[in-house]
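Spelled out from the first residue to the last, the chains are:
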Amino acid sequence: MSEEMKAVTTASDRLKSIKVDKTAMDEKIKENVQKIKKEEKPAKKSQSFELNKKTIFFAIGIFLLFLFIQLKYMYEVWFDPDEMDIYTVAFELVKGKVLYRDLASQHMPITYFLSALFWHLGAHTVAMQRLYFYIMFAAFWTAFIFIYREYVNKWVFILMPFVYHAMLQHYDFATQILSEHVAIIGAEIFFLEFLVFLKKKDIDLGSCIRMSIAVLLSFGTAFINIFPLFYLGLGVLLLEIKWGRERGDDAKTWWTTMLKRYGRLFGIVAIPWVIMFIYMLATHSFHDFGFCAYTINRLYYPKYMAGLGGNILSSFVAPITVLSGHFFGFGFDVVGIIYIAEVFLLGCGIYLAYRKGRTNGFIAGFTVYLYVFSFGGRGFYNYHGATFIGIISLVGAYVFVTYMFKNWQKYDKRSVFSKAAIAVISVIFCLIYVTDLPLMINFIKGYETNFYQADTDIVDAITDEDERIWQTNVCDTIPWVTKQVTTGPAVSTPWMWEAVGCQKIEEFKKNPTRVVMFQIGYESWGYNMADYAPDAYYFIVNNYTYVPGSTQIWVLNTYYDEVCQKLGIDPNAENDYGVSCTPFTVDPTEMPGMTAEDRKKAVEAVQNGETEEATPAEEESTTEEVTEEKTTEATTEATTEATTEEIEEEDESSSDESNGNGPGDVTVSPGDNSSSGVDANTEGAVQAPDGSWVIPDDSDGPGQ
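Residues numbered from 1 in each chain as written. Predicted model: local features only at pLDDT ≥ 70, side-chain atom pairs only at ≥ 80, totals over all residues. Heavy atoms only, no water.

Engineer: Explain the packing of helix H13 (residues 337-360) against helix H17 (residues 416-434) to me, please; I cannot follow it from the model alone.
Structural biologist: Any two packed helices are characterised by how steeply their axes cross, that is the angle between the axes, and by the distance between the axes. Where H13 contacts H17, the axes come no closer than 10 Å and their chain directions differ by 125°. Between H13 and H17, the crossing angle belongs to the class labelled oblique. Once H13 is placed against H17, the crossing between them reads as left-handed. Touching Ile337, Ile338, Ile340, Ala341, Phe344 and Leu345 of H13 are Ile425, Ile428, Phe429, Leu431 and Ile432, all from H17. (Axes fitted to C-alpha atoms, helices over the stretch in contact; angles between N-to-C directions. Helix = DSSP H or I, 4+ residues; strand = E, 2+ residues; numbered from the N terminus. Parallel < 35°, antiparallel > 145°, perpendicular 65-115°, else oblique. Left-handed = near helix turned anticlockwise from the far one by under 90°. Contact = heavy atoms within 4.5 Å.)

Given below as structure tokens:
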């Protein structure tokens, strides 16, 4: 073997030995690594547990904080009808009624379903209903911190509820539970998902599920929320077209991407609505749902509410018209810390749209503006604007943390003016928030205010268990507290009467309820029930009797004596038919014994300035009228009798020229019927035996 071959063989042997050694070394390294992993595994597990425990404690703590700051509104006075409508309709759903088919409502269904769910979970009082809604709100706000922590600073979510309640508590009825409050959660989810979408330029499965929930909580609670969702959807579509062009996608590629991305989204969003659709078909209520939730709001409601909802175009331009109207309505009389806070939040909405326009393009910025401000279609700062207050509070907290404060390092580098501005804004919102802290006393007292306690006690006493009553006004408190299911034609508002109630009144007359909630002179949004629903109005005043001691309880005439016996009152007691118990100005023609046609003629006569003699029905009704005259019917009769006696005595005893009349006597000139200018039409005049008309001097006599 040559020297070269020997060298090659030796080298080969050495390589083999090295490979063997390397293999053994690799195996040894693997063993050591596995050994190390086994040793470190318990330590890592313990570290992971500590991290999860910290997160859990933080989540529980922030949830309880969010819940606690709402409790001060728990015992606020009840809001008829908007808040109580939610609870009473939910109660009737629990009792077996089918929404829209058996129970006409112009509102969307989700808030009713949530309240019914809470009823099944034990929320049988207003305070408990509110508590369950508070728990729901606090749970969502807490979840936002963890779901969107990679895209939004957690301090935004911590500050937002405080900003929201600082503003909300200063508007009448805004702290009571409304559908607008439920819609806030859906509005905030969509806003946050849009921020995520701008960064990811994609929609994952989690986003699809969250947006499905958001559709239920926004559009599912108020039909008007379709307009913000329209603007958001349009903005997303335009962004997808823009991004597709920037990527150079051809039409097929772009459509394929859109179908994959949004086909899944629409499918997941549709699931709860398909279930609801099947339920409505099964209960034969789908047509009623469309009629009540859409047609009434579009065709009937605008006729009585200055066109509100009748013009779709006005809803589309609301983000511009309402904002401009707010600023043009400026006056020094409205300037205060609350007004400054309002303007600051509006400015945050405009500024965020500007910043998103700079970073993500004009389409993104304009979409943010239209989406946020379109929630203020019925005004920004009132109880109907609660959804706007909720979304603008989130925007305000986002702008404050993200662009103003940023973080402590950047805050330290800011100018003195910037630091002062941040401090002033912080102080303003703190002052606004703490002004209503005394309301916490209401929570501590734990007392619910029922302004109709006497009526609820009466209804409890005169109705059987599960006996149905007819509610003809917007007071939902009585059926809620007494737990009596209502029935009868819808008559509490003119639009519901025209759309639904007038079709059912004749059927109701055949089998009327024994108990009715009704008020003489009742007006609904400026419309008199005697005018818009005369068939129902005069059926009640002619067939029911007012229960003395109540504010709005009437019973069938045939049931009245039995009711008086149950209540321990005199059935022959003076019955004023509810005139003294109603807060409305009563038209004298609205009394029992009249018909709708009688009232129409009487009203026309007054409008035309006619002074015709009253009809028999009117004459009969005037025996119970309550007028503004200080002299009552009884004292007038007494005065007339006394005066007649005095005149007779004077006529017998006095001479033609003697005028020795004492106090209370009346001086007359026989045969001179017009010398004093007093005639039959003069107020307070009485007819003397000689046929003349005089006004008696009874300053010290009868009737004073």
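Engineer: Looking at this model, I keep getting lost on the packing of aromatic side chains. Mind explaining?
Structural biologist: Centre-to-centre distance and the angle between the planes together describe a pair of aromatic rings. Tallied over the entire structure, the rule returns 54 aromatic pairs. Aromatic ring contacts, followed pair by pair, group Tyr171, Phe362, Phe366, Tyr369, Phe373, Phe380, Tyr381 and Phe388 into a single cluster. (Phe/Tyr/Trp six-rings, centres within 6.5 Å; stacked < 30°, edge-to-face > 60°.)

Engineer: Would you mind going over the confidence of the model for the protein chain with me for this structure?
Structural biologist: In low-pLDDT regions, the fine details of the predicted coordinates are not to be read closely. This prediction gives the protein chain a mean pLDDT of 80; 73% of its residues lie at or above 70. Within the protein chain, helix H3 (residues 110-120) carries the highest mean pLDDT (97), whereas helix H27 (residues 616-621) carries the lowest (42). Predicted confidence for residues 40-49 stays below pLDDT 50, and this span has 0 contacts to residues more than four positions away or in other chains. This model gives residues 611-676 a pLDDT under 50, and the stretch forms 58 contacts once residues within four places in sequence are excluded. (pLDDT = per-residue confidence, 0-100.)

Engineer: Help me understand H17 in this model?
Structural biologist: Each α-helix winds once per 3.6 residues, and so residues spaced three or four apart point in a common direction. The end-to-end C-alpha separation of H17 is 27 Å, in line with the 27 Å expected for 19 residues at 1.5 Å each. Of all the residues in H17, the buried ones are Ile422, Ile425, Ile428, Phe429, Ile432 and Tyr433. Projected down its long axis, H17 shows its buried positions confined to an angular sector of 130°, all on one face. (Expected span 1.5 Å × (residues − 1). Buried < 20%, exposed > 50% of the residue type's maximum accessible area, 1.4 Å probe, protein only. Arc of directions from axis to C-beta.)

Engineer: Hey, could you run me through the packing of helix H5 (residues 154-168) against helix H6 (residues 179-200) in this one?
Structural biologist: Direction vectors running N to C along H5 and H6 enclose 140°, while the axes themselves pass 14 Å from each other. Our classification of the angle between H5 and H6 gives oblique. The way H5 lies across H6 gives a crossing that is right-handed. Along the contact surface, H5 presents Phe157, Met160, Tyr164 and Leu168, while H6 presents His181, Ile184, Glu188 and Leu192. Class assignment for the residues of the contact of H5 with H6 results in 6 nonpolar, 1 polar and 1 charged. (Nonpolar A, V, L, I, M, F, W, Y, C, P; charged D, E, K, R; others polar.)

Engineer: What's the story with the pairing of strand E7 (residues 553-556) in this structure? I'm lost.
Structural biologist: Each regular strand carries side chains that alternate between the two faces of the sheet. For strand E3 (residues 515-517) and E7, the ladder comprises 3 bridges, and the chain directions are antiparallel. Following the sheet pairing, methionine 517 is matched in E7 by isoleucine 553. Both strand E6 (residues 544-546) and E7 contribute to a ladder of 3 bridges, which runs antiparallel. From the neighbouring strand, threonine 545 faces E7, where its bridge partner is valine 555. (Pairing = 2+ DSSP bridges.)

Engineer: Please explain unusual backbone geometry as it appears in this structure.
Structural biologist: Of all residues except glycine, most have a negative phi; of all peptide bonds, most are trans. In the segment running from aspartate 80 into proline 81, the intervening peptide bond is cis, with an omega of 5°. Structurally, the position occupied by proline 81 is in the loop between helix H1 (3-68) and helix H2 (82-94). In this model, lysine 201 sits at a positive phi of 55°, which is unusual for a non-glycine residue. Within the secondary structure, lysine 201 is located in the loop between H6 and helix H7 (205-218). According to the relative accessible area criterion, lysine 201 is partly exposed, its value standing at 39%. The phi dihedral of aspartate 466 falls on the positive side, at around 65°, and the residue is not glycine. Here aspartate 466 is to be found in the loop between helix H19 (453-462) and strand E1 (469-471).

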